[in-house]
Structure formats: structure tokens, C-alpha cells
Amino acid sequence: MRLPPRPDLEWKDDGTPVDTRVGDVYYSVEDGLAEARAVFLNGCGLPAGWASVPNYTIAELGFGTGLNFLAAWQMWRDTRPKQGWLNFVSFEGFPLDREDAVRALKPWPELSELAEKLCTRWPVRAKGVQQIVWPEERLSLTLHTGLIEDTLPQSRFKADAWFLDGFSPAKNEAMWSREQWPAIAERSQPGARAATFTVAGAVRRGLAEAGFEVEKKPGHGRKRERLEARLPSHVPRSTAPINPRVAIIGAGISGACLAHALARRGAEITVFDHANGPALGTSGNPLALVMPRLDAGDTAQARLLIDAYLSAQMFYAGRPGVHVAETTHLPRDAAETNRFQKLQADPPLGLEQLEAIRGGGVLHKASIILRPAALLSSLLKDVSVRWNETADLDAETRRVNGEGFDAIILATGWHMRAAQPELDLTGRLGQVEWYASKTLVPPSALAAGHYALADGPTRLWGATFEDLMDDTPRVSDAARQDNAEALNGLSPYWAAEARRADARSRAGVRATTADRLPLIGALPDHRALVADRQTLERKSWRLPPEAYGLDGIYVAGGFGSRGFTWAPWAAGILTARIFGDPCPAPEEALNATVPNRQILRKLKRNLL
Ligand SMILES: C[S@@+](CC[C@H](N)C(=O)[O-])C[C@H]1O[C@@H](n2cnc3c(N)ncnc32)[C@H](O)[C@@H]1O
């Protein structure tokens, strides 16, 4: 099953939620909040623990109703250091529906404001990683959905505190299994604390074997005892930069999402772009569509496509120029018909997102039509953008046009090909056509290989995906013809109106990778990789995603024709990387998108 299962939820007469498959309660309705405070917050030494660090990370096993998260959030509101940031990472295999979470959090009126903030942005039911950011609260929640044995090993973060809150160990072995303890220790800062309600022998032994000093403490309420554990701190805790200076080269959708994500986290941003205003390059069509590419199997690639799509939904929600719109997506050929059938038999997203329709198609209920000009301006509103300035990068000294930065990100789209040829980008020409209709319509989209978008008066259709003959994007009659035929296939009615209209064309170059996945991560140290070929071969070419990256120089590109979908996800990953925050993607996704992959492929085949 690709969709994570629901818990077998029942409600006791007093309102306590129970998972009947496990036979245990999520919390005690009598004093669940007091217990969360006593066992987890107090057990991990909070709020003192976060008083003097720039970013504090709590990791929780078992997100459940979000009660522990809200208890921590409430304490954070009352006691957070001015410049601090709280990361809350949690793991859940059987996510509750939003309505159940609302009901489960009702008994605590003092949490009602926070509960509403959480529940209005309650994570979508999907396996993967979703990150919700509340910048005004200086808080983020990173939720890994899936069975703990799959998600914990894929997660990347360093926790200061652990809330160990599976169901009781006798009933919920997976959440307390032996394999977990070393994984927990690996993901801990020196001096990390852990707390739990259980004093089961296996839990104490597991924590102790992983290096924690474990202590029983008097329990809360009717429980006799609880546990506190602590890792020794022989080495200092790694700390995050508070206001790093970050240069972003390129003010297209990639650069704009990065600028916004980094700025709300506290970075000082300078964006460089040689254009004289926003949305003039490839990101500048009058309308754009954000729709998921859904693979049929449950592979790492299929999961990251969904993570990226959900990340875009969340990032764009409520911004200027953004309209949620249904997209009717019909298979374009036999292979796609087959893929859609498999998808419909085991969908990766629930009915609130996706539905099968007649003709073998699918309806994307939460896809987005956006107006790039309005969106990009809003994302760049509060950051310094140097228009008309060509950026000259000195990667060795981390300078742009002679100015030093803590981090530099290349978000230069197609221009990356000339400056970083080792990334092996290919240019594809994408042409769209549009006109203004006299009939205003609500936003809606049709897709089958090509797409047709309607929003208010604007009608836009395309896009071609052609080989690039030279470096200048040029519109062509052939592409116009191609798009007209595609529109006729999607909607003859539209096509008829379009023929009478005075349509305009626009072409842009899409920077595309061989495997159609983006490049997200450190700019590879090409020379060092080539020099180390033999060592790499001995290690069977296995290396962590950050290896051989130039220090503090990053890339977010190779987005092909899905720039608006990839950009927010890439921005989340790089923001976490620069701040040392929990990564909002599993390790397998970082490996699949690592910018050095094409260099490694060539080294393996002796092509370099
Ligand atoms: C006691 S409840 C957590 C309560 C939660 N901390 C709260 O504040 O409401 C335990 C949670 O662990 C989750 N869980 C149990 N087994 C799991 C597994 N194998 N993988 C992931 N999550 C699991 C359950 O679905 C449940 O939400």
C-alpha cells in the first residue's frame, strides 16, 4: 500500500482516542497535557535546554494527535530565546485524519489557538517527509510518515531532545526495537536528552547500550516511574549560524523560493540577476501549472516526486498569483494508460488530492495555476535584489563580484550549462501560446502531455519540449502548430476560440538533466572527484550526498519543465543544510538529486 494506513481509531466514553489494533491510548484524557509536560518537557530539561542555543531540535517517535508537539510549542512561545529557532521532527506510521486530530485536541482549551494553527495545516496523508514552517513562531515541524523502520534510517538531523512516545513497549514492539537505539544515538547532539513514560528493561538497556546514561525518575500521576536519559558531551554541540549572509545567483523561481525560505529563517540575502526585473526569463510565462508527476511504483523516485509536489502546495498556499485548480489529466498514450491504471489501483495520494475519472484519467484536485510575475514579486519583496548585475563567482574564496558570503547558491537555470559544464545540463526549448478571452472563468486545467490553462481572462496552452538549436530561445511556427494540434486534442471548443483570437507565443529554455531529476546540493568539486577516481572505485562509488562538494557553494537547478514544482522543495532542503536544521527529505532523495551524479556516472564508465 502506497498510502499510509489510518489507525484503527475508537473513542472511549470519556473521549480518549484508542488505536484498537494496538490496544493502547494516545494519551490520558484526564491529564494528557500535564503528563506530556512532566514526562517529556521536564524529562528533557526544557525550557532550560533551549535557552542558549540558536537552533534546538526535538525528535519524537510517534506524532499521533500532535499533543506533545503543541505542549512543546506552547512552552516555546512562553520561553524562547529571541534569536532561537525550534525544530520539531516527528515520525508517524498511521497518521490521523485532520478531523480526528481536531477532536483529539479539543479537551485542552488552553491549546486551542495552537491546535487550530496546526490543524489548518495538518499534513496530507502520504508517505514521505512534509515540513511545515511557522516563521512568526520561529518554529518548524518536519514529519516523516511511514513505518519507523523505513523512515528513521532515512532521516537526517541532530536532536537535542528525544520524546520516546510509541504505544507501550509490550504492545508496540516496532517503536522500541533494538535497531532503533543506535540510530537514535547517531542522530543526537553531544549531551542530548531523551525521555519516556516507560521504564521497561529493554528500553533502559537499549538506551544504555547506545551510550545514554539512564535514570529512573518518579512517574507522573498514577505511573510510578518514568525515564530520563542523557548522552555524555565530550565534544561541543554543533551550532548553527544565526544570520548567515547568503548570495543567490538568479532571480527565477528557484532563486525566489530560496530567497524567501532562507530569509524567513533569518538569513541575510542578496540576489543577483542580470535581468532588469522579475519573471523575464524562463520563469516568466503568464501562467504556470503545478501538477504532480506520479510514478506507478513505490520507489524512492516516486516518493520524492510526491514530497516535492506537496512541498510546492504548502509553500505557495495563499500567496499572490496562486490559485488552487483542478486538473483533468488524461493519459497521452498506451504507456501512460497503463501507468494510470497502476496508480489508480494503489494511489499514492488520498481522495482529497486525487481521483480516478472516466477515460482512464485522473483528477488532481489540489493542483495549482499560478501567475509567475505576481508570485515572484511577492517572494522577492523583502530581500535585496541586484537587478542588472551579472554575478561573477569565485568559488574558492566564496565571493560574488568580490563580496564574501557564508553561502552562495547557483540558481541560474539554463545559464548553469555554460558556467558549470560538468553538471551536464541539456537545454530544451519550451514554447507556450496565450491570449486574453472576453469570458472570465475560474481557474482550471486540462493535461495530456501538453496542457491548457484557464484563469480569469487568460488562456494559455503548450508547452513544447524541443531540442535547442542555439542558445537563444526563439518562437517558431512549427511549435505554434504543434501546440495548436495539442490544444485541439485537449479541447476542440477552446481550440476554436483560440483560432479566432490574437494569440501570442513565448519560448524559454529549460535546463534538463539526463534522468529528469533536479540538481540539489553542493556544487561538486569536479577536480577532486576526478583525482580520487581510484579511491571512489574501491569504495564501489558509494559516498554520502555532501561528499566532494565545494564548501558553502550550492546548486538548485536542472528543473526541466517542472521548475515551479521543484523550486520550493529544493529551497527547503538547502535552507536546512545552511542552517543545520533537520533535512526535509529522506537520504534516498538527496542521493537521487545529488549534483555530482553525472560526474560519477562518467567516471565509472571511464568517460572522464
Ligand atoms: C502513544 S501514541 C503517540 C502520541 C503522540 N505523541 C501525541 O502527542 O498524541 C504512539 C504513536 O506511535 C505510532 N506508531 C506505532 N507504531 C509505529 C510504527 N511502527 N511506525 C511509525 N509509527 C508508529 C502510532 O500510530 C501512534 O501515533
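Before any of the text, the structure's been laid out above.
The text that follows walks through the structure, step by step, so that each part is easy to find. From a predicted model like this one, the values you see are computed outputs, not experimental measurements.

### Describing the overall build of the protein
- Each helix and strand counted, the protein has 19 helices and 28 strands in total.
- Radius of gyration (C-alpha) of the protein: 25 Å, near the 25 Å computed for a compact globule of 608 residues.
- Taking the principal axes of its C-alpha atoms as reference, the protein extends roughly 80 × 55 × 45 Å.
- Out of the 608 residues in the protein, the part that is buried amounts to 55%.
- On the protein, roughly 25800 Å² of surface is accessible, and the fraction owed to carbon and sulfur atoms is 50%.

### Points about the sheet that holds strand 19 (residues 393–394)
- Taken together, 3 strands build an open sheet; the order of strands is 19-20-21 and the sheet is antiparallel. Strands at the two margins of the open sheet, each flanked by one partner only, are strand 19 and strand 21 (403–404).
- Direction of pairing for strand 19 relative to strand 20 (residues 399–400): antiparallel, over a ladder of 2 bridges. Among the inter-strand pairings, Asp394 is bridged to a residue of strand 20, identified as Arg399.

### Points about the site of the ligand
- Around the ligand sit 21 residues, and of these Gly62, Thr65, Asn68, Glu92 and Asp165 come closest.
- Contacts to the ligand include Glu60, whose side-chain N or O atom sits 3.0 Å from a nitrogen atom.
- In the environment of the ligand, a nitrogen atom lies 3.0 Å from a nitrogen or oxygen atom belonging to the side chain of Asn172.
- Against a free-state accessible area of 600 Å², the protein chains account for coverage of 97% of the ligand.

### Focus on the side chain of Asp307
- With respect to the helices and strands, Asp307 occurs in helix 9 (residues 300–316).
- For the buried Asp307, no salt bridge is present, and the opposite-charge side chain at shortest range is Arg303, 7.3 Å distant.

### Focus on the packing of helix 2 (residues 67–79) against helix 4 (residues 112–120)
- The N-to-C vectors of helix 2 and helix 4 enclose an angle of 120°; their axes lie 10 Å apart at closest approach. The angle between helix 2 and helix 4 places the two elements in the oblique class. Crossing of helix 2 over helix 4 shows right-handed handedness. Where helix 2 approaches helix 4, its residues Phe69, Leu70, Trp73, Gln74 and Arg77 are matched on the opposing element by Glu113, Leu114, Ala115, Lys117 and Leu118.

### Focus on the nonpolar core
- In this structure, Ile58, Phe69, Leu118 and Trp162 are the most contacted members of the largest nonpolar core, which totals 69 residues.
- If one sorts the elements of this core by residue count, helix 2 sits on top with 7 residues.
- Residues in contact with Phe69, not counting those within four places in the same chain, are Phe63, Phe88, Leu118, Trp134, Leu139 and Leu141.
- Of all hydrophobic cores here, the second largest spans 65 residues; its members include Ala256, Leu379, Ala411 and Ala589.

### A closer look at the pattern of salt bridges
- One pass over the structure, following the stated rule, counts 39 salt bridges.
- Here Lys127 makes a salt bridge to Asp298, at a shortest N to O gap of 3.3 Å. With a gap of 171 residues between them, Lys127 in the loop between helix 4 and strand 6 (128–134) and Asp298 in the loop between strand 14 (288–290) and helix 9 connect regions that are remote in the sequence.
- Its relative accessible area of 25% is what places Lys127 among the partly exposed residues.
- Between Arg226 and Glu228 there is a salt bridge, and its shortest N-O distance comes to 2.9 Å. Glu228 carries the same exposure label as Arg226, and that label is buried.
- Put simply, Arg77, Glu113, Lys117, Glu136 and Glu137 are held in one network by salt bridges that share partners.

### Focus: the pairing of strand 15 (residues 322–329)
- Where strand 15 and strand 17 (residues 361–370) come together, 7 bridges link them in antiparallel fashion. Directly across from Thr328, in strand 17, lies its bridge partner Leu363.
- Strand direction decides the pairing type here: strand 15 and strand 23 (residues 426–448), joined by 4 bridges, are parallel. By the bridge assignment for strand 23, Thr328 is matched with Leu446.

### Quick look at the sheet that holds strand 1 (residues 9–11)
- Taken in spatial order, the 3 strands make up an open sheet running 1-2-3, and their pairing is antiparallel. Looking at the sheet topology across the chains shown, the edges are occupied by strand 1 and strand 3 (24–25).
- In the sheet, strand 2 (residues 17–19) pairs with strand 3 via 2 bridges, with the strands oriented antiparallel. Pairing of Val18 across the sheet is with Val25, part of strand 3.

### Topic: the environment of Leu608
- When you line up the elements, Leu608 lands in the segment after helix 19 (597–604).
- We classify Leu608 as partly exposed; its relative accessible area is 39%.
- With 32 residues separating them along the chain, Leu608 and Ala576 place their C-alpha atoms 33 Å apart.

### Digging into unusual backbone geometry
- Cis peptide bonds are those with omega within 30 degrees of zero, and the linkage from Leu46 to Pro47 qualifies with 15°.
- Here Pro47 is to be found in the loop between helix 1 (32–41) and strand 4 (55–61).
- For the peptide bond that leads from Gly462 to Ala463, omega is -10°, which places it in the cis range.
- Looking at the element boundaries, Ala463 is found in the loop between strand 24 (450–462) and strand 25 (466–467).
- With a phi angle near 60°, Asn388 is a residue other than glycine that sits in the positive phi range.
- Secondary-structure assignment places Asn388 in the loop between strand 18 (384–386) and strand 19.
- Even without being a glycine, Tyr548 presents a positive backbone phi close to 60°.
- If you trace the backbone, Tyr548 turns up in the loop between helix 16 (533–538) and strand 28 (549–557).
- The exposure class of Tyr548 is partly exposed, given its relative accessible area of 23%.

Conventions adopted
Sequence order as written defines residue numbering, which begins from 1 separately in each chain. Thresholds applied to this predicted model are a pLDDT of at least 70 for local features of residues and 80 or more for the giving and counting of side-chain atom pairs; totals over whole chains, interfaces and linings are not thresholded and use all residues. Heavy atoms throughout the structure, all of them, feed into the side-chain values; hydrogens and water do not. In this description a helix means any DSSP run of H or I spanning at least four residues, a strand means any run of E spanning at least two, and both kinds are numbered starting from the N terminus. Within these notes, the globule rule equals 2.2 Å times the number of residues to the 0.38 power, and the radius of gyration is based on C-alpha atoms. The rule is simple: take the accessible area with a 1.4 Å probe, protein chains only, and divide by the maximum for that residue type; under 20% is buried, over 50% is exposed, in between is partly exposed. To measure how exposed things are, a 1.4 Å probe is used in the Shrake-Rupley method; for residues, cover is taken only from the protein chains shown. One requirement defines pairing of two strands: DSSP has to find at least two bridges between them. Note on definitions. A residue lies near a molecule or strand when any single heavy atom of the residue is within 4 Å of it. Polar contact is defined as a pair of N or O atoms within 3.5 Å, subject to the rule that within protein one atom must be able to donate a hydrogen and the other to accept it, and that residues adjacent in sequence are counted only when both atoms are side-chain atoms. We count Lys and Arg on the positive side and Asp and Glu on the negative side, and we leave His and both chain ends out. For this analysis, a salt bridge means a side-chain nitrogen from Lys or Arg found within 4 Å of a carboxyl oxygen belonging to Asp or Glu. Whenever a helix is involved, its axis is fitted only over the stretch in contact; in every case the axis is a line through C-alpha atoms, and angles between N-to-C directions fall within 0 to 180 degrees. When describing relative orientation, an angle under 35 degrees is termed roughly parallel and one over 145 degrees roughly antiparallel, while 65 to 115 degrees is termed roughly perpendicular and anything else oblique. Crossing handedness is defined as follows: a turn of the near helix away from the far one that is anticlockwise and smaller than a right angle gives a left-handed crossing, while the clockwise case is right-handed. In this description, contact between two residues means that some pair of their heavy atoms is separated by no more than 4.5 Å. We call a set of buried Ala, Val, Leu, Ile, Met, Phe, Trp, Tyr and Cys residues a nonpolar core when their side-chain atoms join them within 4.5 Å.

Keep in mind that these numbers describe shape and distance, not what the molecule does.
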